[in-house]
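# Fold and geometry: a report
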Amino acid sequence: GEEVAQTPKHLVRGEGQKAKLYCAPIKGHSYVFWYQQVLKNEFKFLISFQNENVFDETGMPKERFSAKCLPNSPCSLEIQATKLEDSAVYFCASSVSGSGSKNYGYTFGSGTRLTVV
Amino acid sequence: DQQVKQNSPSLSVQEGRISILNCDYTNSMFDYFLWYKKYPAEGPTFLISISSIKDKNEDGRFTVFLNKSAKHLSLHIVPSQPGDSAVYFCAAMGSARQLTFGSGTQLTVLP
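How each quantity is defined
Residues numbered from 1 in each chain as written. Chains lettered and ligands numbered in written order. Predicted model: local features only at pLDDT ≥ 70, side-chain atom pairs only at ≥ 80, totals over all residues. Heavy atoms only, no water. Disulfide = S-S within 2.5 Å. Helix = DSSP H or I, 4+ residues; strand = E, 2+ residues; numbered from the N terminus. Buried < 20%, exposed > 50% of the residue type's maximum accessible area, 1.4 Å probe, protein only. Salt bridge = Lys/Arg side-chain N within 4 Å of Asp/Glu carboxyl O.

This brings us to the state of the cysteines. As used here, a disulfide is simply a covalent bond connecting the sulfur atoms of two cysteines. Residue and element names in this part refer to chain B. Counted by the stated rule, this structure contains three disulfides over all chains. What pairs with Cys 23 in a disulfide is Cys 90, and their sulfur atoms sit 2.0 Å apart. Taking the sign of the S-S torsion, -70 degrees for the link of Cys 23 and Cys 90, the bridge is left-handed. Of the two residues, Cys 23 sits in strand E3 (residues 19-25) while Cys 90 sits in strand E9 (residues 86-93), which places them 67 residues apart along the sequence. With respect to burial, Cys 23 and Cys 90 carry one shared label: buried. Each bonded cysteine of chain A is numbered by sequence order, and under that numbering the disulfide pairs are 1-4, 2-3.

What follows concerns the pattern of salt bridges. All told, the structure shown has four salt bridges over all chains when counted by the stated rule. Between Lys 20 of chain A and Glu 78 of chain A there is a salt bridge, with its nearest N and O atoms 3.5 Å apart. Taken together, the residues Lys 20 of chain A in strand E3 (residues 19-24) and Glu 78 of chain A in strand E8 (residues 75-79) connect sequence positions 58 residues apart. We classify Lys 20 of chain A as partly exposed; its relative accessible area is 31%. Note that Lys 56 of chain B is salt-bridged to Glu 58 of chain B, the shortest N-O span being 4.0 Å.

Note that every value here comes from positions in space, so none of it alone points to a role or purpose.
Now the structure itself:
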């Protein structure tokens, strides 16, 4: 399809529980990005993939966060032992390779709102 | 250390007039700049981009200007319409392809 599909839209977890978020990129897009929006307007880059390979993971908290993009499956972002500070909206974006992404930007999903209580 | 800054959290403009949103950056290695528009409960939507080797790019009512020596870019919307009311994010891209976002400007276009 022509949209980036993120599921679930909302997720509530108790502190210490696991959270798993999913992202289906646009077919044919080879790059996938995850961003965390903690405060209302602050986007933090987490990780990017080129196909199923990690491209850049400089934004990922090492201890509790992990992500995968496997062939023929939605990409996933998993948070082990969630903390209150993980409460945020998590956005996934995808793009074509090469110069296309620079001219046309990335296509973002509508996000998953994670609330840790 | 904020590499991309939008110093105006909000802007109100009368319908039909020009909206000018500003953005400053500090990293001279950024080679592309993009503007996104965001409505509540939705993801950011791409508006327009500009390469660091250009100083202007236009698409319909939207024009982006880049002043590389001042490390400053601006988005002009003319004429502004009530449907343009949203949060506008400036973003910059370097060789790692990830986007570095500013903190956004809430634009309100008054009818």
